Amino acid sequence: MHDLIDTNSARRANARNGPMQHKPKNRGSLGQGTAEDAWRFLAAVVEFSDDAIITKDLNGIITSWNKGAERLFGYTAQEVIGKPVALLIPEDRPDEEPAILARLRRGERIDHYETIRRRKDGTLLNISLTVSPVVGADGRIIGASKIARDITERKLAEQALHASEERFRTLADNISQLAWTASDDGWATWYNRRWYDYTGMTFETMKGRGWESVHHPDHVERVKRKLEETFRRGEAWEDTFPLRSKDGEYRWFLSRAVPIRDQEGNITCWFGTNTDITELREAREALARSHDELDKRVEQRTASLREAIAQMEEFSYSISHDLRAPVRAMKGYAQIVLEDYGGLLDDRGRDFLDRILRGSSRMERLIHDVLTYSRLASCEIQLQPVSLQKLLQDILLEYPELQAPRAEVAVRAPLHDVIAHEPSLSQAISNLLRNGVKFVAPGTTPKLQVWTEMRGSKVRFWVEDNGIGIKPEYQHRLFGMFERVHQDPRYDGTGIGLAIVRKAAEKMGGRVGVESDGITGSSFWLELPAPPTS
Amino acid sequence: MTSTNKSILLVEDDENDVFFMKRAMEKAMLAPPVHVAINGQEAIDYLAGTGKYSDRASFPLPNCIFLDLKLPFVHGLEVLEWIRTQPSLAQIDVFVLTSSPEERDRQRAQQLGAKAYLLKPPTAKMLLEVLESGCALTA
């Protein structure tokens, strides 16, 4: 073996003399002093380097072993020098050493070769090798020098990173949204699997600005504008737009992206997602359509209803006119016959004409009452506070049969206000009062008492008469249509008056009733809500 | 019996009501000529003097009008509306004579300038009352 760098002898020298110290003959650099000093210096450099520096001959026998190697592999120099370097190589890599040596003989350097070696204690470690041929004075390769670096930590970090990336990838590929990353200028750098599943594209076609091709032509311009603008401002981005699926159909996506910043706050990339909201949109649209449909239907129904009501009003209005005319004619002619030819008739004849006249009058009253009832039933009413006091005064003035000397009406003032529909209330009260004065024993002056009573939030309006009363067993029929609970012909009623009172009460949200012992008169009541107390 | 060369236009489609009106006038001792228009359009034609009604000798402008409301073709209130637009007819009193006690009809008639709102059937008493206040048919 050519003697060149005999680090081993230097080591042995160290062992004898203590730690080698560099003692330049002159102060300063390597260039000065003896050749021996220079070599010693270099030897020291190698010896004390932190990296593991190992030399071997062309047969793979270890010829030198520095402190770094001792630390890294656990063997002392004494234990390994003279032994084959294969000692360090795990059994599953039998071809590595021969391959390295072959390359060395060819004069190649091996740079940052990552591999696994075994320590003295059996544990494996990841190392990065740089192997250089050692050239003798005659230019021939005599061995190899290896520098081994422990890359275990780096490897672990790499693995952890890889595992982390795997986890991320799995996560990203399995969320239901499409996801992607892009650079600051809107160039896509990664897509999750969902994106490819949906678009049917590959990274090749989608990278960079490739995403523009799956946007709908009507929308792509506005999306690009907003994206570029938002990215420029560094704000979170949100937009809704259609994307083309691999089948060529467009679905709507709600898309968001957030900037990822480094420690200085600079944006390193953007992370975005797209969520399919097609069904949501469709549901919303369907809902809106249903609403419109419903609105339309309600409008139609209301219109039909209004029309029906108007028709009914029209009907009552004209029917009463059409029914009245012939009745009026009948009455008129009977009257004329009686006036002009009555003298030619006997009592019976004149009586017959009277009956015709009475019948016609009754007919007129019936038509009038039915018209009143139907109008009341079909009208739309609005409820407001009404002064009963004032209303009563008006009614008393309107009907002579309620005034002296024909009747006495005593009003116990003050009468409480009510919430009602004035025309309907007027009709109801008129009917009650006029009934009250009608049904009295012959020869009696009708006397009415009128007052109001508070009952909680309601007002009860009372009309008490001194009339013939209503037998208790008939009271439940009293307010029905065409019901007459006496047969005395002296009392002429259409049987509709009280039905009108009840209908009016119903429409105003109130009630009616009667109290009578059937002998000494009756007390009718009408109950309505009181105005809220102020 | 008082007679003058004043006349009355009765706008009425029901022949019975025409009969009753004429009888009431008799009973009231009034006998001015009564011209009858049997529907709203005829009433307007008469008052406007169109067609045969241009012969004012035969069809003179009336001093007062008794106007039914429920008429064929043109409703009584529409006739009244039309009359209001004719300055030449401003002097004529219009009495609405109807079977309809509808408050809305009464109010509308009043708005349109009717002198009175009367309910059928007309009686001698009724006629004397209204005609005294205007029209001056009685001497």
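What you are looking at is a predicted structure, and each value in this text was computed from that prediction instead of being measured.

Peer 1: Even after reading the chapter, I still don't get empty space enclosed by the protein, so can you show me in this structure?
Peer 2: Picture a little ball the size of a water molecule; that probe, rolled over the atoms, points out where space is still empty. Residue and element names in this part refer to chain A. Enumeration according to the criterion identifies seven cavities of 30 Å³ or more in this entry. If you add up the space inside the largest cavity, you get close to 130 Å³. Lining the largest cavity we find 15 residues, and of these W180, W195, W211, H215 and L227 sit closest to its centre. In terms of residue count, the dominant contributor to the lining of the largest cavity is helix α9 (residues 220-233) (three residues).

Peer 1: I keep staring at a nonpolar patch on the surface and nothing clicks. Help me out?
Peer 2: Together, V337, Y341, L344 and L345 of chain A give the surface a local cluster of nonpolar side chains, amounting to about 380 Å² of exposed area. Examined against the element boundaries, Y341 of chain A turns out to sit in helix α10 (residues 278-341).

Peer 1: Explain the interface of chain A and chain B here, please?
Peer 2: One widely used convention gives an interface's size as the accessible area the parts lose upon coming together. Taken together, the contact between chain A and chain B spans 14 residues of the former and 16 residues of the latter. Buried surface at the junction of chain A and chain B, summed over both partners, amounts to about 1,400 Å²; 50% is from carbon and sulfur atoms. Inspection of the region where chain A meets chain B yields three salt bridges. Where R23 of chain B meets D340 of chain A, a salt bridge forms, and the shortest distance between an N and an O atom there is 2.7 Å. The set of elements that each furnish at least two residues to the side of chain A that touches chain B consists of α10 and α11 (347-378) of chain A.

Peer 1: I keep staring at helix α6 (residues 152-174) of chain A and nothing clicks. Help me out?
Peer 2: At 3.6 residues per turn, the α-helix brings residues three or four places apart onto the same side. The terminal C-alpha atoms of α6 of chain A lie 32 Å apart, and with 23 residues this matches the ideal 33 Å at 1.5 Å per residue to within 8%. Tucked inside the fold, the buried residues of α6 of chain A contact β3 (110-118), β4 (124-135), β7 (188-191) and α7 (193-199) of chain A.

Peer 1: I keep staring at the sheet that holds strand β16 (residues 511-516) of chain A and nothing clicks. Help me out?
Peer 2: Consider a sheet: its strands pair through backbone hydrogen bonds, and that pairing is either parallel or antiparallel. Residues and elements named next belong to chain A. Strands sit in the order β12-β14-β15-β17-β16 across an open sheet of five strands; the sheet is mixed. Each of the sheet's edge strands pairs with one partner strand only, and the pair in question is β12 (408-411) and β16. The average angle at which neighbouring strand axes cross in this sheet is 20°, direction not considered. Bridging between strand β14 (residues 447-455) and strand β15 (residues 458-465) involves eight bridges; their strand directions are antiparallel. Looking at β15, one finds that L448 is bridged to D465. Of the strands in this sheet, β16 and β17 (522-529) touch helix α14 (residues 497-507), which is tilted by about 135° from β16.

Peer 1: How should α11 of chain A be read in this particular structure?
Peer 2: Residue and element names in this part refer to chain A. Taking 1.5 Å as the rise per residue, α11 with 32 residues should run 46 Å; its terminal C-alpha atoms sit 46 Å apart, in good agreement. Buried residues of α11: G349, L353, L357, S360, I367, D369, L371, T372, Y373, S374, L376 and S378, and no others. For α11, the secondary structure elements touched by its buried residues are α10, α13 (422-438) and α14.

Peer 1: Would you mind showing me how to read the packing of α10 of chain A against helix α1 (residues 15-27) of chain B here?
Peer 2: It is the contact of α10 of chain A with α1 of chain B, at a shortest axis distance of 10 Å, that shows an interaxial angle of 35°. In the packing of α10 of chain A onto α1 of chain B, the handedness of the crossing is left-handed. Mapping the contact onto sequence places R328, A329, G332, Y333, I336, E339 and D340 of chain A in α10 of chain A and N16, D17, F19, F20, R23 and K27 of chain B in α1 of chain B. Classifying every residue of the contact of α10 of chain A with α1 of chain B gives five nonpolar, two polar and six charged.

Peer 1: Please clarify how the packing of aromatic side chains should be interpreted in this entry.
Peer 2: Remark: the centre distance and the inter-plane angle together describe each pair of aromatic rings, the angle taken between the planes. Following the criterion strictly, the structure yields 19 aromatic pairs over all chains and no others. Between F231 of chain A and W270 of chain A, the ring centres sit 3.8 Å apart and the planes meet at 5°, which makes this aromatic pair stacked. One end of the pair, F231 of chain A, is in helix α9; the other, W270 of chain A, is in strand β10 (residues 267-276), and 39 residues separate them in sequence. W270 of chain A sits in the buried class, given a relative accessible area of 0%. When the centroid spacing of 4.8 Å and the interplanar angle of 45° are considered together, the rings of Y333 of chain A and F20 of chain B count as tilted. Of this pair, Y333 of chain A sits in helix α10 while F20 of chain B sits in helix α1, on two different chains. For F20 of chain B, a relative accessible area of 7% corresponds to the buried category. Ring-pair connections join several aromatic residues into one group, and the members of that group are Y191, W195, Y196 and F203 of chain A. We note R412 of chain A situated over the ring of W451 of chain A; from NZ or CZ to the ring centre the distance is 4.2 Å.

Criteria and cut-off values
- Residues numbered from 1 in each chain as written.
- Chains lettered and ligands numbered in written order.
- Predicted model: local features only at pLDDT ≥ 70, side-chain atom pairs only at ≥ 80, totals over all residues.
- Heavy atoms only, no water.
- 1 Å grid on protein atoms, 1.4 Å probe; cavity = no way out; pocket = protein on both sides within 12 Å on 5 of 7 lines; lining within 4 Å.
- Points joined across faces, edges and corners; volume = space filled by probe spheres on them.
- Helix = DSSP H or I, 4+ residues; strand = E, 2+ residues; numbered from the N terminus.
- Patch = residues over 30% accessible without salt bridge, like charges linked within 9 Å, V, L, I, M, F, W, Y side chains within 5 Å.
- Areas by Shrake-Rupley, 256 points an atom, 1.4 Å probe, with all protein chains shown as cover.
- Salt bridge = Lys/Arg side-chain N within 4 Å of Asp/Glu carboxyl O.
- Contact = heavy atoms within 4.5 Å.
- Buried area = accessible area lost by both parts, 1.4 Å probe.
- Expected span 1.5 Å × (residues − 1).
- Pairing = 2+ DSSP bridges.
- Axes fitted to C-alpha atoms, helices over the stretch in contact; angles between N-to-C directions.
- Buried < 20%, exposed > 50% of the residue type's maximum accessible area, 1.4 Å probe, protein only.
- Left-handed = near helix turned anticlockwise from the far one by under 90°.
- Nonpolar A, V, L, I, M, F, W, Y, C, P; charged D, E, K, R; others polar.
- Phe/Tyr/Trp six-rings, centres within 6.5 Å; stacked < 30°, edge-to-face > 60°.
- Lys NZ or Arg CZ within 6 Å of the ring centre and 35° of its normal.

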